[in-house]
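Coordinate inspection notes
Spelled out from the first residue to the last, the chains are:
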Amino acid sequence: MSYEYIRPSSSWKKRRFKWPFKPSKQLWKNVALACLALVVGGSLFGLAAFAWVSRDLPDPNKLLDREVEQSTKIYDRTGEHLLYEIHGNKNRTLVKLDDIPDVMVNATLAVEDQQFFKHSGFNPVRILKGVVLGVIFKGRAQGGSTITQQLVKNAILTNERSITRKLKEIILSIALEQRYTKEEILQLYFNEIPYGSTNYGVEAAAQAYFGKSVRDLTLAEAATLASLPKAPTTYLNNPDKLDARRDTVLELMWGEGYITKEEKTAAQDEEVSIREKVDGITAPHFVFYIKEQLVEKYGERQVEEGGLKVTTSLDYDKQLIAEEAVKAGVEARKDSYGFENASLVAIDPKTGQILSMVGSIDYFSDTIDGAVNVSTRPRQPGSSMKPFVYTAGFLAGYTANTILYDVETVFKTETTDYTPRNYSLNEAGPVTIRKALQGSLNIPAVKMLYLVGVQNFLDFAERLGYTTLGDRSRFGLSLVLGGGEVTLLEHTAAYGALAGEGKQYPTVSLLKVEDHDGNVLEEWKQESPREVIEQNAAREINNVLSDNGARAYVFGASNYLTLSGRAAAGKTGTTNDYRDAWMIGYTPSLVAGVWAGNNDNSEMVRGADGSKIAAPIWQDFMNRALATTPAEAFTAPEIPVTGKPILDGQLPSTTVTIDRASGKLATEETPESQRQEIVCGEYHSILHYVNPSDPLGPAPTDMSSDPQYLSWEAGIASWVERTRLTDPTKLPFEQCTVPTETDDVHTRQNEPDISILSPDKNDEVGRTIRVEIEADAPRGVERVEYAIDGRFVKSSDSRAGTMLTLPSWVDVGDHTLQVTAYDDVDNAGSDSVKIKVTEEAGEANVGILEPLNGQTIEKTTDTFAVTVQLKHPTNLTNVSLFVEPLRGGTTTLVGSIDSPSSPFATFNWTLGSADDYVLWARIDSEDGDREESASILVTVTDTGSSLPPVLDITESEESDTDAEPEGAAEGVL
């Protein structure tokens, strides 16, 4: 940062001050006396204050005298399981200043007190700076102590934060500076200051952390040790923070001229790894998370030596289950997916208490940096951030039924255009938010974030407790795909707000802290929760995330996102290049988050997504942790009905039934075969119907004023055109105008006239009948159908009649022969006559057993199994099945079987488009005879209604849609 010096104006020298009145000599005398009185009074007050503060100061000559040190004990929530005992016995090896190398002295002076040899115990400038920064950082002091003050604070006084203690510290620092030389104070400092754990003094720390004497430290090691005294527990628990502070120390040393730039760079590149050596510890990451909080409140010295008894929120049994689940999950899949580590956090959403914390698979493993607590380390969350973007949308007025278009879309930004893609690179067209979220589709999620607004969402995230998204300038629309880092602990706590139906409790880990005399220093009391999400909106997102059927098209019905015998909600996430895999899931009484990956941020194997490596760990933990508890259900939400079709799950359109032939509205005269239900509408993005800032308000009047409108519309238009060419059945409706005129083709005037000339009424007939007819129609006769007792027998295109062979099911007795004539658009006219069959039916050697005559087949699959029954299969050389469209077309051989051996022959008929079809079978015997079965008429229809599956999605690969496309999670557009 640079500053420009501005020369002050000298014009004030030319001006002379004029009193409005002329002061008298008496006035000057009175002013002088008043000033003298103030000086004397101030001095007396200062001396009195100094005496009062100094009345109980310890003797600085007894600098190294100590009370008996006592260990601090950390317990689980029951107070029965000792997690760790912080031993009070100090590890201290005294060393002379002459034995401490210059790099150690210079590193300490550079970072702790650059003016050490110039001040007299305290530095007013640094104190003032600390006060100012304290105001900026909400009343918390931001440094300001000299090395002498630090020595007093650590060796003589307590870590109490008060003005009185600070005054005592300054007074004693001045006294020390008068009593000891600067070199003696430095020697006392290096032998007294805590460097973490039980290591007091620089020699003990060098031996403990590097296995060498302080005199043998490298520049990088010295800078690392000099970094610790500010906050030993914090830096020992967070290697990343320690490395950053080490680099800061080296920068300061270079700035002070202690080292060259080349030495600084080499030291910054040197790998320096230290860790606190511990034994006899349970849940180590949680213990040191607790210790860090204790040190923050009570100081390093009190925690290390004060004999505190600490009761934590940890559930001992759940912690063991969590550790076992993490270990088993990693061991079972690490080789297949290329990862070595995992972390798990479990929270009670009804209290905010941390029940389990597994920071890594093995705290003591150096190969995976196991001491790093991944649960408090920021990582990109991938798609597991999507539920909160949609929740923010629900709060704004959108619903789980709201339709967004999953089509390739260009998002306009102030810098470069942004085009997110789904992992599969496919497009699903119009989908509901429910389908989009459970399918983890990227494009609708980015659209939802735009509708909500990035800044509004960041406000919402801050309300949920995220502290890692502070630099808002970094984030754009890719934030919804995991473009901002979060910690597993805060991420899990945010999901706890969903489990709590919008109510969130502060995250709690300390239940009770007592001093060595049993006095309670602090004790957790149940607080009133904050309502961070409106209740029904939370219930709505819970309903979506627990809808296993909605995600089955991606994950399958049986997946790791479910629990045995109980409802569960959850979301997976996977980041760019498979560096992080997540699963956060919950019931109303327990929320757990799992991260899996590598601590060094190296890539895993492609396909190592959250559903495959994190979700199995989550499911194992949750099933076992909840095994003895009753199943709970999520409260059903009220899905809002807004009155706006696009928000309520309906594409704005009109459904009508038309006549296929005329294209006009169907009437009662329109035959069923010519009726068609169509949906007419227009394809528009949600921006065409709603104002993002007020979705429930009036529709926008100038849609093009929205910077995304034209590009969103273009994306939809392109998808419609491509889909029309490749698979028009995926289009939810036609781009058409609803007709207003009615069918004028199917009228009584256009019905054919037909008369049966032979046989006559009540004629006796055999098995074969010659039927003579007379038929005519205004549009001509297209075909004639023959039926016995209403059952189809034959179709012919002759207007004069046909030879009709009666099927075997027509027995001796009275029957009705019906003949129907049809024109080209299925206008129909019929005649019928009673006949008397006198000849017994012979044994039929072939017949179609399935489907039945007159059956309707819904086209749910591409083929239908047709079963042909054979009377004497051993005498046959061949059996064949034929099909022909009823309204004319080519006769097609469905299949043929040579020398059938079974009485049943099965043929897979590839179904055509929706229509009526005539099927019959034919057999050839060894003696050269040929026989055909009776024909049957079947109708093929599309699945369900004639409407295509508007919101169906079938294109995604199982579980892969969680992974983000290349470049999707960069965080800046």
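Note: the structure precedes this text.
What follows deals with the environment of Thr747. Tracing the chain through its elements places Thr747 in the loop between α24 (709-726) and β19 (753-758). Looking at Thr747, the relative accessible area reads 21%, which means it is partly exposed.

A few words on empty space enclosed by the protein. Considering all chains together, one arrives at one cavity of 30 Å³ or more under this definition. Ile347, Pro349, Gly352, Ala493, Gly496, Ala497, Gln504, Tyr505 and Thr507 are the residues that line the largest cavity. Considering every element that reaches the lining of the largest cavity, the biggest residue donor is helix α19 (residues 488-499), with three residues. Considered class by class, the residues forming the lining of the largest cavity number five nonpolar, four polar and no charged.

Our next topic: the packing of aromatic side chains. For any pair of aromatic rings, geometry is given as the distance between the ring centres together with the angle between the planes. By the definition in use, this model includes 18 aromatic pairs. Each ring, one from Phe882 and one from Trp920, has its centre 5.8 Å from the other, and the planes form 15°; the classification is stacked. Taken together, the residues span a long stretch of sequence, with Phe882 in strand β30 (residues 876-885) and Trp920 in strand β33 (residues 915-925) at a distance of 38 residues. When sorted by exposure, Phe882 lands in the same class as Trp920, which is buried. Chaining the aromatic ring pairs together yields one cluster made of Phe388, Tyr466, Tyr495, Tyr586 and Phe634.

On to the sheet that holds strand β12 (residues 520-523), then. Taken in spatial order, the five strands of this open sheet run β2-β1-β5-β11-β12, and their pairing is mixed. Of all strands in the sheet, those bounded by a partner on one side alone are β2 (82-86) and β12. Across this sheet, the average inter-strand angle for adjacent strands is 10°, counted without regard to direction. Pairing between strand β5 (residues 309-312) and strand β11 (residues 510-514): four bridges, direction antiparallel. The residue bridging Val310 from the neighbouring strand is Val513, located in β11. Strands in contact with helix α12 (residues 284-298) are β1 (72-75), β2, β5, β11 and β12; relative to β11, the strand with the most contacts, it is inclined by about 55°.

Moving on to the packing of helix α2 (residues 102-112) against helix α10 (residues 239-255). Interhelical geometry of α2 versus α10 gives an angle of 95° and a closest axis separation of 9 Å. Considered as vectors, α2 and α10 are oriented roughly perpendicular to each other. Residues Val103, Asn106, Ala107, Ala110, Val111 and Glu112 of α2 pack against Arg245, Val249, Leu252 and Met253 of α10. For the contact of α2 with α10, the per-class residue count stands at seven nonpolar, one polar and two charged.

The biggest cluster of nonpolar side chains holds 144 residues, and the ones touching the most others in it are Phe388, Phe457 and Phe621. If we skip the residues at most four places from it in the chain, Phe457 touches Met385, Phe388, Val389, Ala392, Leu449, Val452 and Leu479.

In this section: the pairing of strand β16 (residues 590-597). β16 sits mainly inside the fold: eight of its eight residues count as buried. Burial along β16 is two-sided: the face carrying Leu590, Ala592, Val594 and Ala596 and the face carrying Val591, Gly593, Trp595 and Gly597 are both buried. Pairing between strand β6 (residues 341-348) and β16: seven bridges, direction antiparallel. The residue of β16 that forms the bridge with Ala346 is Ala592. Judged from the eight bridges that link them, strand β15 (residues 580-587) and β16 form a sheet pairing that is antiparallel. Looking at the pairing, Tyr586 lines up with Val591 of β16. Taken together, β15 and the strand that follows it, β16, pair antiparallel across an intervening segment of two residues.

Cut-offs applied
Residues numbered from 1 in each chain as written. Predicted model: local features only at pLDDT ≥ 70, side-chain atom pairs only at ≥ 80, totals over all residues. Heavy atoms only, no water. Helix = DSSP H or I, 4+ residues; strand = E, 2+ residues; numbered from the N terminus. Buried < 20%, exposed > 50% of the residue type's maximum accessible area, 1.4 Å probe, protein only. 1 Å grid on protein atoms, 1.4 Å probe; cavity = no way out; pocket = protein on both sides within 12 Å on 5 of 7 lines; lining within 4 Å. Points joined across faces, edges and corners; volume = space filled by probe spheres on them. Nonpolar A, V, L, I, M, F, W, Y, C, P; charged D, E, K, R; others polar. Phe/Tyr/Trp six-rings, centres within 6.5 Å; stacked < 30°, edge-to-face > 60°. Pairing = 2+ DSSP bridges. Axes fitted to C-alpha atoms, helices over the stretch in contact; angles between N-to-C directions. Contact = heavy atoms within 4.5 Å. Parallel < 35°, antiparallel > 145°, perpendicular 65-115°, else oblique. Core = buried A, V, L, I, M, F, W, Y, C linked by side-chain atoms within 4.5 Å.

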